[in-house]
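Secondary and tertiary structure notes
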Amino acid sequence: MSTPLIRARNLTRVYQLGGGDVHALAGVDVDIEKGEYVAVMGASGSGKSTFMNLLGALDRPSSGSLVVDGSSLGERTPDQLAAFRNQSVGFVFQQFNLLARTTALDNVSLPLIYRGWSASKRKKRAEACLEMVGLADRMDHHPSQLSGGQQQRVAIARALAGEPSILLADEPTGALDSQTSTDVMGIIDQLNESDITIILVTHEEDVGAHAKRRLLFRDGLIVEDQR
Amino acid sequence: MNIMAALPVALTALRVNALRSFLAILGVIIGVAAVIATVSLAQGAADAVEESIASLGANALNIRAGSNQRGPRRGGAGSGEPFSSDDVDALRTQLPIVVAASGTLQSNVTAVVDGVNWPTQILGAHPDYVEVRDWVIADGRLFTPQENQRSARVALLGQTVVDELFPSGGAIGSSIRLQNQPFEVIGILGERGQGSFGQDQDDIVLAPIATVRDRVTGFRRAGVRDPVQTVWIEIASGEDMTNAVAEVEDFLRIRRGIEPGAEDNFSVRNFAEFIRAFNETENILGLMLAAAGLITLFVGGIGIMNVMLVSVTERTREIGLRLAIGARRSDIRNQFLIESVVLCSVGGAIGLALGVGVSLSAERLGPLVGANDLAVSVDPAIALIAIGASAAVGVLFGFYPALQASRLDPIEALRHE
Ligand SMILES: Nc1ncnc2c1ncn2[C@@H]1O[C@H](COP(=O)(O)OP(=O)(O)OP(=O)(O)O)[C@@H](O)[C@H]1O
Ligand SMILES: [Mg+2]
């Protein structure tokens, strides 16, 4: 058996606060294979976002090991981690986090700037990504001129721009109504079909139902792993 | 992220907050403008000084009889005894460092042509004079030593005199009456314009010194044959002027029989030094003003730092996002550094334009408010230095905010409201 795309072993993240330590993650063990479609669920404060941030190398674990793509994230230099965020993962946030006063096209091409791509090459790739999410006719729009669902699609296009093998989405539909949620989930389903590994956090059962595997978090631990 | 990608980001950020950006660079603008204006004015003044020094004649020394001492006169009998044409000849022929020498006699005179009177100055000199003072003969010729010897009634006219007495030309070869005697006009002096004190240097008639002595002033001193009022000598180029002054002094002390230890009864002056020393204070003032401008520039840097810190705080989420999608910390740092440098350079450029504008209008308006001769010289090197200095201020004061930005924690930054 080959090594999985993601392997977490006894992964912990402890926040030291005045009143005592908060064990946001209390020892998570999980393997995720390439091409899986995983929903991370659980009550508020159970550690879902903390887990996602570790997977996306936005944060470092307090202890335990996290191996992605065959090498441990803990052993990489800050610049290597930046390259990892730029090339191996794509992040989608609940709040979209698009740059205001910047066109959809420029928002999508932003990650490619940090690869040193030329402007024309960036533009071509960004256009292709916007087409993929059905926004070919909105390239020059600013975020304020787009609906919530459209903004989240721009954010997904941005996550795709770097052709990541893993898409990390923390409550991507949390700020959307049910109709636009369905649109966005449709796009994410498609991405999984094209063999991108999807890990998404959600509170909503019907969103979680899109995934083929569900990890249930409670108090910093995975208490259920349903396939 | 390379500069080509960072530049548009920086410009957009600055444009979005145009008013704030402008206020932030105000200090830089004023600092650069002040430095440019003061340095240009000081340079203009220095150029004017050099010009007036050049108008004295290069390496020219002026020698006068009389004590050099200030305060109570201590000179004994014979002090103040004028120099003579023999002294002039001796200086020229016996001192190797002297390449030309001339005595002068100057007097007021009224020039008359066809009943038109023009009160002017007549300067009697040896033929060497034009060489010593670097005067130019614009037309005609100089008088010869022989003409001097026989007190020939020949004269060269300054441009003003020509304009007044020969408005329709034809001066050369004409006759002009000076002190009721007919003189032949043999040449016209090159135009020299205003002197250091605003006097008209072209309102003059030049004639052989013997002619002026014998026929105009009648300058006589008991016991001195062919006396002169002052002596001008030119020192060979390349000689040290301070040594030359000492050598001339020694020569004249012996010639005038002054005992060792006794006071000189004459003075040798290097007017170029005189003018330079006089303007030294002006230069120091200019330097102090330029220093004040530089300080303003640095205080302006604090304004830049302030606005950059505000900008980093405002854009915390943006920084978090950039980190999340793969920006290295150095990319974030460079982005804000470039922004700060662009901001300061824009300030520098505006300040440069303002400074040049102020300098040129000072030159234009100076005479209207009574400031005479306000020359301005804008040095292109200074312009480059000004822009460079503003960019350096941008790096210096932008570094701390940029470092702050690059050290943000991506998760906290993304959560920032
Ligand atoms: N920066 C922090 N400092 C201290 N405690 C933190 C910090 N971030 C998270 N926590 C704590 O860690 C625990 C897990 O937080 P996390 O954000 O992972 O929860 P979550 O499952 O994503 O919740 P939600 O569904 O509300 O987003 C919580 O108890 C939270 O209070
Ligand atoms: Mg969360």
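Residues numbered from 1 in each chain as written. Chains lettered and ligands numbered in written order. Predicted model: local features only at pLDDT ≥ 70, side-chain atom pairs only at ≥ 80, totals over all residues. Heavy atoms only, no water.

1. Digging into a negative patch on the surface
- A cluster of acidic side chains, namely Asp 163, Glu 164, Glu 191 and Asp 200 of chain B, defines a negative patch on the protein surface.
- Inspection of the secondary structure puts Glu 164 of chain B in helix H6 (residues 159-165). (Patch = residues over 30% accessible without salt bridge, like charges linked within 9 Å, V, L, I, M, F, W, Y side chains within 5 Å. Areas by Shrake-Rupley, 256 points an atom, 1.4 Å probe, with all protein chains shown as cover. Salt bridge = Lys/Arg side-chain N within 4 Å of Asp/Glu carboxyl O. Lys, Arg positive; Asp, Glu negative; His and termini not counted. Charge placed at Lys NZ, Arg CZ, Asp CG, Glu CD. Helix = DSSP H or I, 4+ residues; strand = E, 2+ residues; numbered from the N terminus.)

2. Some points on the pattern of salt bridges
- Under the counting rule described, the total for this entry stands at 23 salt bridges over all chains.
- Among the salt bridges present, the one from Arg 315 of chain B reaches Glu 339 of chain B, with a minimum N-O distance of 2.9 Å. Pair noted here: Arg 315 of chain B is in the loop between helix H9 (271-314) and helix H10 (316-324) and Glu 339 of chain B is in helix H11 (residues 329-365), with a separation of 24 residues, a long-range link. Across this residue pair, the class does not change: Arg 315 of chain B and Glu 339 of chain B are buried.
- Among the charged side chains, a network of salt bridges with common partners joins Glu 36, Arg 213, Asp 225 and Arg 227 of chain A. (Buried < 20%, exposed > 50% of the residue type's maximum accessible area, 1.4 Å probe, protein only.)

3. Side note on the pairing of strand S4 (residues 63-68) of chain A
Residues and elements named next belong to chain A.
- Two strands pair when backbone bridges link them, and strand S1 (residues 6-17) and S4 are joined in this way by 5 bridges, in the antiparallel orientation. Across the sheet, Arg 7 pairs through a bridge with Val 67, a residue of S4.
- One ladder, built from 2 bridges, connects S4 with strand S5 (residues 71-72); its direction is antiparallel. Following the sheet pairing, Val 67 is matched in S5 by Ser 72.
- Count of turn residues in the S4/S5 antiparallel hairpin: 2 residues, of which Asp 69 carries a positive phi of about 55°. (Pairing = 2+ DSSP bridges.)

4. With respect to the side chain of Thr 173 of chain A
All names here are of chain A.
- Among the structural elements, Thr 173 can be located in the loop between strand S7 (166-170) and helix H6 (178-193).
- For Thr 173, a relative accessible area of 1% corresponds to the buried category.
- For Thr 173, the side chain forms a polar contact with the side chain of Glu 204, separated by 3.4 Å.
- Sequence-distant contacts of Thr 173, defined by excluding residues within four places in its chain, comprise Ser 181, Val 184, Met 185, Glu 204 and Val 207. (Polar contact = N/O pair within 3.5 Å; in protein donor to acceptor, adjacent residues only side chain to side chain. Contact = heavy atoms within 4.5 Å.)

5. Things to note about the side chain of Arg 133 of chain B
All names here are of chain B.
- As for its placement among the helices and strands, Arg 133 is situated in the loop between helix H4 (129-132) and strand S4 (137-140).
- We note that Arg 133 is buried and unpaired, the nearest opposite charge coming from Asp 134 at a distance of 8.0 Å.
- Filtering out sequence-adjacent residues up to four positions away, Arg 133 remains in contact with Ser 55, Leu 56, Gly 57, Arg 192 and Trp 232.

6. Details of the interface of chain B and chain A
- Contacts between the two partners involve 18 residues from chain B and, on the opposite side, 18 residues from chain A.
- For the chain B and chain A pair, buried surface summed over both sides reaches about 1,900 Å², with 64% attributable to carbon and sulfur atoms.
- When the buried area of chain B at its contact with chain A is split by residue, Leu 321, Ile 325 and Ile 411 of chain B rank highest and sum to 30% of it.
- Remark: the boundary between chain B and chain A carries 4 residue pairs in polar contact (both at pLDDT 80 or more).
- The set of elements that each furnish at least two residues to the side of chain B that touches chain A consists of helix H1 (3-16), H10, H11 and helix H13 (410-415) of chain B.
- The biggest single contributor to the side of chain B that touches chain A is H10 of chain B, with 6 residues.
- Classifying every residue of the side of chain B that touches chain A gives 11 nonpolar, 2 polar and 5 charged. (Buried area = accessible area lost by both parts, 1.4 Å probe. Nonpolar A, V, L, I, M, F, W, Y, C, P; charged D, E, K, R; others polar.)

7. Describing the packing of aromatic side chains
- Here the structure, examined in full by the defined rule, presents 5 aromatic pairs over all chains.
- Here the aromatic rings of Phe 298 of chain B and Phe 397 of chain B are separated by 6.1 Å at their centres, their planes lie at 70°, and the arrangement is edge-to-face. Here Phe 397 of chain B lies in helix H12 (residues 380-406) and Phe 298 of chain B lies in helix H9, a separation of 99 residues in the sequence.
- The partly exposed category is assigned to Phe 298 of chain B, whose relative accessible area is 40%.
- Overall, Phe 397 of chain B belongs to the buried group, its relative accessible area being 12%.
- The lysine or arginine in question, Lys 121 of chain A, covers the ring of Trp 117 of chain A, its NZ or CZ lying 4.4 Å from the ring centre.
- Over the ring of Phe 83 of chain B we find Arg 256 of chain B; its NZ or CZ atom is 4.1 Å from the centre of that ring. (Phe/Tyr/Trp six-rings, centres within 6.5 Å; stacked < 30°, edge-to-face > 60°. Lys NZ or Arg CZ within 6 Å of the ring centre and 35° of its normal.)

8. A word on the confidence of the model for chain B
Residue and element names in this part refer to chain B.
- When pLDDT is averaged along chain B, the result is 86, and 92% of the positions lie at 70 or above.
- Low pLDDT, under 50, characterises residues 68-79; the predicted model gives this stretch 10 contacts beyond four residues in sequence or across chains.
- For this predicted complex, the interface confidence score (ipTM) comes to 0.95, while the overall pTM stands at 0.73. (pLDDT = per-residue confidence, 0-100.)

9. Quick look at the packing of H11 of chain B against H12 of chain B
Residues and elements named next belong to chain B.
- Packing of H11 against H12 brings their axes to within 7 Å, and their N-to-C directions diverge by 150°. Judged by the inter-axis angle, H11 sits roughly antiparallel to H12. As H11 runs across H12, the sense of the crossing is right-handed. (Axes fitted to C-alpha atoms, helices over the stretch in contact; angles between N-to-C directions. Parallel < 35°, antiparallel > 145°, perpendicular 65-115°, else oblique. Left-handed = near helix turned anticlockwise from the far one by under 90°.)

10. Thoughts on the nonpolar core
- Within the largest apolar cluster, 46 residues are counted, with the highest numbers of intra-cluster contacts made by Ile 63, Leu 91, Ile 233, Ile 235, Val 248 and Leu 252 of chain B.
- In contact with Ile 233 of chain B, not counting residues within four places along its chain, are Asn 59, Ala 60, Leu 61, Ile 63, Leu 91, Val 98, Ala 100, Ala 101, Val 132 and Val 248 of chain B.
- Core analysis: the next-biggest nonpolar cluster, separate from the first, contains 39 residues, Leu 54, Leu 58, Ile 166 and Val 201 of chain A among them. (Core = buried A, V, L, I, M, F, W, Y, C linked by side-chain atoms within 4.5 Å.)

11. Observations regarding the pairing of strand S6 (residues 89-92) of chain A
All names here are of chain A.
- On S6, burial covers both faces: Val 89 and Phe 91 on one face and Gly 90 and Val 92 on the other are all buried.
- Looking at chain direction, S6 and S7 are connected through 4 bridges and run parallel. Across the sheet, Gly 90 pairs through a bridge with Leu 167, a residue of S7.

12. Things to note about the sheet that holds strand S2 (residues 20-32) of chain A
Residues and elements named next belong to chain A.
- Spatially, 4 strands are ordered S2-S1-S4-S5 in an open sheet, and the strand pairing comes out antiparallel. Both edges of this open sheet fall to S2 and S5, since each of them pairs with a single strand only.
- One ladder, built from 10 bridges, connects S1 with S2; its direction is antiparallel. Across the sheet, the residue bridging to Leu 17 is Gly 20, located in S2.

13. Examining the sheet that holds S7 of chain A
All names here are of chain A.
- A sheet is described by the order of its strands in space; here 6 strands give the open sequence S6-S7-S8-S3-S9-S10, paired in mixed fashion. Both edges of this open sheet fall to S6 and strand S10 (221-226), since each of them pairs with a single strand only. Adjacent strand axes in the sheet meet at a mean angle of 20° when their direction is disregarded.
- Strand direction decides the pairing type here: S7 and strand S8 (residues 197-201), joined by 5 bridges, are parallel.

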